[in-house]
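Secondary and tertiary structure notes
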Amino acid sequence: MDSFQETVFKLKKYWADRGCVIQEPYDIEVGAGTMSPETFLRVLGPKPWRVGYVQPSRRPADGRYGDNPNRLYKHQQLQVILKPTPKDVIDQYLGSLEAIGIDLSKHDLKLEEDNWESPTLGAWGIGWQVMLDGMEITQFTYFQQCGGIDLDLCPAEITYGLERIVSFLQGKESVYDIEWAPGVPYSEVRYFDELQLSVYNFESADVAMLWEALARHEAEAQRLIDQYKTVEDPAEKRRFPLLGAYDQVLKCSNLFNLLDARGAISVTERVGVIARVRKIAVGVAQAWVDQEPFRTMKEVA
Amino acid sequence: MLPFLLEVGAEEIPDWMIPAALEQLGKDFQSLLEAHKLGGRVTRTDGTGRRLVLWAEGLVERQADSVEIVSGPPKGANPNAVAGFAKKSGVSVDDLQVETTARGEYYTFRRQVAGRATAELLAELLPELIQKLYFPKTMFWTGKGGPKFIRPIRWIVALLGDRVVPFTLAGVESGNESSAHRKLGAGGPIPVTIANYEAELEKNFVIVSSAARRAKIEREVAGLGNAQSDPKLLETLTFITEYPSAIRGGFDASYLTLPQEVLTMVMRFHQKYFAVNAADGSLAPHFIAVMNIPADPEGHVVRGNERVLRARFNDARFFYDVDQKRPLLDRVADLANVTFQAKIGSYLEKTSRMVALAQELGGEAAAEAAYLAKADLTTEMVKEFTDLQGIIGGLYIAAQGGRPDVAKAVYEHYKPLSMEDTIPSTVTGQAVALADKVDTLRSCFAVDMIPTGSKDPFALRRAAQGVVKILVEGELSPSLQQLAAGDSKLEEFFLERVKHYFREVKGYAYDEVNAVLAVGWADLKDVALRLEAVKAVRPTPNFEPVAAAFKRIKNILTQAGTLPAGAPEASLFNEAEAGVAAAARQAAIKDGGYPAQLERIAGLRPAIDHFFDQVLVNDPDPAVRDNRLRLLNELINEFSSIADFSEIVTK
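Residues numbered from 1 in each chain as written. Chains lettered and ligands numbered in written order. Predicted model: local features only at pLDDT ≥ 70, side-chain atom pairs only at ≥ 80, totals over all residues.

1. Remarks on the overall build of chain B
Definition in use: Helix and strand definitions here come from DSSP, where helices need a minimum of 4 consecutive H or I residues and strands a minimum of 2 consecutive E residues; each element is numbered from the N-terminal end. We compute the radius of gyration over the C-alpha atoms and compare it with the globule rule, which gives 2.2 Å times the number of residues raised to the power 0.38. Three exposure classes are used, all based on how many other C-beta atoms lie within 10 Å of a residue's own C-beta (placed from the backbone): buried at 20 or more, exposed at 12 or fewer, and partly exposed between those limits. By the criterion used throughout, residues are in contact when their C-beta atoms, derived from the backbone, lie within 7 Å.
Check the secondary structure of chain B and you find 24 helices and 19 strands. Relative to the 2.2 N^0.38 estimate, which gives 26 Å for 651 residues, the radius of gyration of chain B is 35 Å and therefore markedly larger than a compact globule would have. Dimensions along the principal axes, computed over C-alpha positions, put chain B at roughly 100 × 95 × 45 Å. Looking at chain B as a whole, 40% of its 651 residues are labelled buried. A separation threshold of at least 6 residues defines the contact pool for chain B, and within that pool the share at least 24 residues apart is 64%.

Set out below in structure tokens:
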């Protein structure tokens, strides 16, 4: 039986062998692997890109104080982007399941319609949830739009829910019983994250501070987006910190999720806050596409 | 004569879209055969989530040659124009004919058109035919601006007789190679012929026939237990599998203490299992799942599914326990934070409007139920299982010691969910259901959120249709005018739904519905009785002639303009007029119900026929004329309480 980390190694190796750059997680809080710039920004434009990385994904509202065997505040996604999509993408994906020890001739695998959409990112795609013996193990999406922009190459995004897959492989009833490393259970690695951050997210986060931080990060992102529009010199465009602006978007998105978990956003306000985050996400995406030719030009001596 | 086979191989197409796509594929291909005179007919369409398949027979190898007549200039035209026409047609002037048409004599050229090879034509036409299949949401996969389809197309089999019809679509070349089950059978392409196509695929774990898959599922499910009938689930499973087989799993009986509605919802909708009943009709601790592989000899799939279900049920138990910590009654206040609609306000405001309306319609119990009806929107269970709204509220009220009649009313207050669904079973439930739907309609109409065309985001048509159904079939009888509360647009909207209900749901003829509604629709139960009577009496020999006579009378009265006031003066009657008046007195007796009354009205026919034979209404003497108009007007008024017969379309 493979440990959690062994399964991750195998998946990374599998995709590395198929031309993916294996990246480390992005170092700002995100709700999903899609939000890492490795996906959100790299799927834009015409440049091919293949990447795989594990992304710890924070969903404050899903926290259960470490009590629920299947729900987590922070879970691990293995995210793979194939741009453009190879014709045998699904066979490649199924091969990855076999590489981690799932004999698909003995299991029931179904691709069930599930189109993915993220209103805060202005992104959507067409695809499936992959069901293995009745459990959703992967979200498979052909990206169509990101940051409100139609994608040139419609990449495939494969998002593995690692806890689910490994609890399936190890036959565990509770995520916390998964063996992370030989002799080391998941609970030992992660339990206090779940407990203490559930307490923080649901009980102690300072709502006023969160609102203020949201407004400040939003203003910073907007300032940069506006400033980018005034830049004309190609060399200045090339070095303009849109990646810095995007980090502000990620901050806002996480703050929104925190406020939501804290119960601080009424249903009426929700739509408005989503629109605010979406506006800066779209702003950065548009600027990023505009910057593309300047990024590809040789550095001015 | 050649057979034809087309298989469009794609990545998994959503199950519910497949039957419609197959139907269109068959129709469009049949039209193509006809439009291009290729002979033959479509014999079958079928498929799975990964393949749309069409069979046709009797196609010609090549179209027949034909002659196309090209018209040129008139006979007397300038010789240059004639020479120009000949040149354009690629012949000399001597090769032109002169033909006589309705407009005169014209030069024509008879072009011999050689029939084209069917394979060549199909190769040209099939890519477009495939791409024109309608799907609700399509995608790019080769990149922006590339082909669009419901999911990526990965292979195409196109065979005319034993030859490939060669074309390329979305970078895929058609051929004679199909594809096996994703993980069973031969890896790689499967060469097929039209004759062995299905057999070859079956060897490779693909049952192309949806009927055969459906039958296999039904047979195996029936062999595994007393599964709850679930036709929709059966269809889904038929189209998300290529080689289905059923397995039975179980769960711990302790979960049966959770509401059965929740357990069933998890099994049917989240997990796509059939729920199983015990011998006494209660829910059994089993489920039946359908796999996309032939067997599960080592029990992996059963164990996996049982594990997933256990996790789901644990979640449900967690939600249930959390929810019980705060009774529904206390949750009503929380509705202030739940938006019903941004422009309209919160669910708390909606609740207070519903309470007032329910009180008016159904009294104290209805008001109490309306007060609690929306509180379950704040429960974890409804946040997780939205479709159980109302049902959860009802269950919680019962579990928390509330009044059984109130619990039942809340449980059923979203009913009817469709025209096939039943209405709430109690008067209290009907009052709450009406209050909810009517409030939604009034509120949305008040802020001008009125459905247009296919846009109806708040499902207002369904709400209004539900109101109509409850009024017709239930025990409460407020008029729709009263429920519309003076909003003329809403009143009009209700009338449309009333028409729709009686025509489309109840199947009454268009003109019968118009005739009956024309004389009033304040009481829908009465409308239903009048319609039934009209429908019953209509086939009798006198009815339609009398209806035609009423239409004639109505035209006469309309043409007369302002009608003379007062009752007709009997002393001015001739024999025919007196006959009508006497017959009318007989027919006006109101006893015996609507069918009997209608039969008496139909019995007016001889007297009316005689009247029109003998009498010219527009008599030169104004006094006589006015008296006749008075007589006819009285007749119309007297006999228009059941229906306006002039609306009946007569042959």
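Right, picking up where we left off after that structure.
2. Some thoughts on the overall build of chain A
When helices and strands are tallied, chain A shows nine helices and eleven strands. When its C-alpha atoms are laid out on the principal axes, chain A stretches across 60 × 50 × 35 Å. In chain A, buried positions account for 45% of the 301 residues. Expressed as a percentage of contacts within chain A between residues at least 6 apart in sequence, the contacts between residues at least 24 apart total 68%.

3. Structural notes on the interface of chain B and chain A
The interface is formed by 34 residues belonging to chain B together with 36 residues belonging to chain A. Looking at the side of chain B that touches chain A, the elements that each hand over two or more residues are strand S7 (139-140), strand S17 (283-291) and helix H8 (300-324) of chain B. Ranked by the residues each element gives to the side of chain B that touches chain A, the list is headed by H8 of chain B, at ten residues.

4. Notes on the sheet that holds strand S6 (residues 104-113) of chain B
All names here are of chain B. Basically, it comes down to this: Whether two strands pair depends on DSSP finding at least two bridges between them. Whenever a helix is involved, its axis is fitted only over the stretch in contact; in every case the axis is a line through C-alpha atoms, and angles between N-to-C directions fall within 0 to 180 degrees.
Taken in spatial order, the three strands make up an open sheet running S4-S6-S5, and their pairing is antiparallel. Edge positions in the sheet fall to strand S4 (66-74) and strand S5 (97-101), since each of these pairs with one other strand and no more. Averaged over all pairs of adjacent strands, the angle between their axes in this sheet comes to 45°, without regard to strand direction. Relative to S6, S4 runs antiparallel, the two being bridged by seven bridges. Note on S6: the bridge partner recorded for glutamate 68 is arginine 111. Packed onto the sheet, helix H2 (residues 79-89) meets S4 and S6 and runs at close to 155° relative to S4.

5. Concerning unusual backbone geometry
With omega at 0°, the peptide bond leading from lysine 83 of chain A into proline 84 of chain A counts as cis. As for its position among the elements, proline 84 of chain A is in the loop between strand S3 (74-83) and helix H3 (89-99). For aspartate 133 of chain A, which is not glycine, the phi dihedral falls at a positive 50°. Assignment of secondary structure puts aspartate 133 of chain A in the loop between strand S6 (123-132) and strand S7 (135-146). The exposure class of aspartate 133 of chain A is buried, given the 24 C-beta atoms found within 10 Å. Positive phi values are uncommon outside glycine, yet aspartate 448 of chain B reaches one of about 65°. By secondary structure assignment, the location of aspartate 448 of chain B is in the loop between helix H14 (427-446) and helix H15 (460-473). For aspartate 448 of chain B, a count of 8 C-beta atoms within 10 Å puts it in the exposed group.

6. Structural notes on the domain arrangement of chain B
All names here are of chain B. This is how the line gets drawn: Segmentation of the chain into domains, including their bounds, is taken from an automatic or database domain assignment. Polar here means any residue other than Ala, Val, Leu, Ile, Met, Phe, Trp, Tyr, Cys and Pro, which are nonpolar, and Asp, Glu, Lys and Arg, which are charged; Gly is therefore polar.
Structurally, chain B comprises domain 1 (2-62 + 117-197), domain 2 (66-113), domain 3 (210-324), domain 4 (329-507) and domain 5 (538-647). Take the side of domain 1 that touches domain 3: its biggest share by element is three residues, from strand S2 (residues 41-48). For the side of domain 1 that touches domain 3, a count of residues per class yields two nonpolar, four polar and three charged.

7. Quick word on the nonpolar core
Threshold: What we call a nonpolar core is a set of buried Ala, Val, Leu, Ile, Met, Phe, Trp, Tyr and Cys residues whose membership is set by joining through C-beta atoms within 7 Å.
Core analysis: the largest hydrophobic core is formed by 254 residues, its most contacted members being Val284 of chain A together with Ala358, Ala369, Ala370 and Val432 of chain B. Considering every element that reaches this core, the biggest residue donor is helix H10 (residues 347-373) of chain B, with 14 residues. When residues no more than four places from it in sequence are discounted, the contact partners of valine 284 of chain A are Gly147, Ala221, Ile225, Leu242, Ala245, Tyr246 and Val249 of chain A.

8. Concerning H14 of chain B
Residues and elements named next belong to chain B. For the record, the criterion: Expected helix span is computed as 1.5 Å times (number of residues minus one).
The end-to-end C-alpha distance of H14 is 28 Å, a good match for the 28 Å that 20 residues give at a rise of 1.5 Å each. Among the 20 residues that make up H14, 16 are buried, leaving the element largely enclosed by the rest of the structure. Phi turns positive, to about 65°, at aspartate 448, one or two residues after H14.

9. Comments concerning the sheet that holds S17 of chain B
Residue and element names in this part refer to chain B. A sheet is described by the order of its strands in space; here three strands give the open sequence S15-S17-S16, paired in antiparallel fashion. In this open sheet, the two strands that pair with only one neighbour each are strand S15 (245-250) and strand S16 (274-277). For this sheet, the mean inter-axis angle between neighbouring strands, taken without regard to orientation, is 30°. Pairing geometry for S15 and S17, over six bridges, is antiparallel. Its bridge partner being in S17, serine 245 is matched across the sheet by methionine 291.

10. Topic: the domain arrangement of chain A
Residues and elements named next belong to chain A. Segmenting chain A into domains produces domain 1 (4-201) and domain 2 (206-296). On a C-alpha basis, the centres of domain 1 and domain 2 stand 24 Å from each other. Each residue belonging to the side of domain 1 that touches domain 2 can be placed in one class, and the counts come to twelve nonpolar, seven polar and three charged.

11. Some points on the pairing of S17 of chain B
Residues and elements named next belong to chain B. Among the nine residues in S17, seven count as buried, and that is most of the element. Note: S16 against S17, three bridges, orientation antiparallel. By the bridge assignment, phenylalanine 274 is partnered in S17 with isoleucine 288. Turn length for the S16-S17 hairpin, with the two strands adjacent in sequence and antiparallel, is five residues, and the turn residue glycine 281 shows positive phi of about 90°.

12. Points about the environment of leucine 631 of chain B
Residue and element names in this part refer to chain B. Mapping leucine 631 onto the fold places it in helix H24 (residues 622-638). Linking leucine 631 and isoleucine 156, residues 475 residues apart in sequence, is a C-alpha distance of 76 Å. Contact partners of leucine 631, with chain neighbours within four places excluded, come to Pro568, Glu577, Val580 and Ala581.

13. Quick notes on the environment of aspartate 28 of chain B
Residue and element names in this part refer to chain B. Position of aspartate 28 relative to the elements: it lies in helix H1 (residues 18-35). Residue aspartate 28 is classed as partly exposed on the basis of its 19 C-beta neighbours within 10 Å. Look past the residues within four positions of aspartate 28 in its chain and what remains in contact with it is Leu129 and Lys132.

14. Some points on helix H5 (residues 186-204) of chain A
Residues and elements named next belong to chain A. Just so we agree on the cut-off: Of all possible arcs, the one meant is that of the directions from the helix axis to the C-beta atoms.
Along its 19 residues, H5 runs 25 Å from first to last C-alpha, staying within 8% of the 27 Å computed at 1.5 Å per residue. Considered for burial, the residues of H5 that qualify are Tyr186, Arg190, Glu194, Leu197, Ser198 and Asn201. The buried residues of H5 occupy an angular sector of 120° when the element is viewed end-on, so they sit on one face. Along H5, the residues that are exposed and aim more than 90 degrees away from the buried face are Glu188, Phe192, Glu203 and Ser204. Next to the buried residues of H5 lie helix H1 (4-16), strand S10 (179-181), strand S11 (184-185) and helix H8 (242-261).

15. Quick word on the confidence of the model for chain B
Quick note on the threshold: Looking at any residue, its pLDDT shows the predictor's confidence there, from 0 to 100.
Of the residues in chain B, 100% have a pLDDT of 70 or more, and the chain-wide mean is 93. Here the predicted complex carries an ipTM of 0.94, next to a pTM of 0.82.

16. Focus: the pairing of strand S9 (residues 153-160) of chain B
All names here are of chain B. Taking burial as the measure, the eight residues of S9 include eight buried ones, the bulk of the element. Bridge analysis of S9 against strand S12 (residues 172-175) gives two bridges, and the strand direction is parallel. Looking at S12, one finds that valine 157 is bridged to glycine 175. Of the pairings in the sheet, the one linking S9 to strand S10 (residues 163-164) comprises two bridges and is antiparallel in character. Note on S10: the bridge partner recorded for leucine 160 is arginine 163. Here S9 folds back onto S10 in antiparallel fashion, the turn holding two residues, of which glycine 161 has a positive phi close to 60°.

17. What to know about the environment of asparagine 305 of chain B
Checked against the element boundaries, asparagine 305 of chain B lands in helix H8. Looking at asparagine 305 of chain B, the number of C-beta atoms within 10 Å reads 25, which means it is buried. It is 29 Å that separates the C-alpha atoms of asparagine 305 of chain B and proline 152 of chain B, two residues lying 153 residues apart in sequence. Contacts of asparagine 305 of chain B, omitting those with residues within four sequence positions, involve Asp133 and Gly134 of chain A together with Gly249 and Ala289 of chain B.

18. Quick look at the packing of helix H7 (residues 260-270) of chain B against H8 of chain B
Residue and element names in this part refer to chain B. As a reminder, the rule being used: In these notes the angle categories are as follows: under 35 degrees is roughly parallel, over 145 is roughly antiparallel, 65 to 115 is roughly perpendicular, and the rest is oblique. Left-handed is the label given to a crossing in which the near helix is rotated counterclockwise from the far helix by less than a right angle, and right-handed is the label when the rotation is clockwise.
Packing of H7 against H8 leaves a shortest axis separation of 10 Å and a crossing angle of 140°. In terms of their interaxial angle, H7 and H8 are classed as oblique. When the axes of H7 and H8 are compared, the crossing they make is right-handed. Listed contacts from H8 to Val262, Leu263, Val266 and His270 of H7 are Arg312, Phe313 and Ala316. Here the residues of the contact of H7 with H8 sort into five nonpolar, one polar and one charged.

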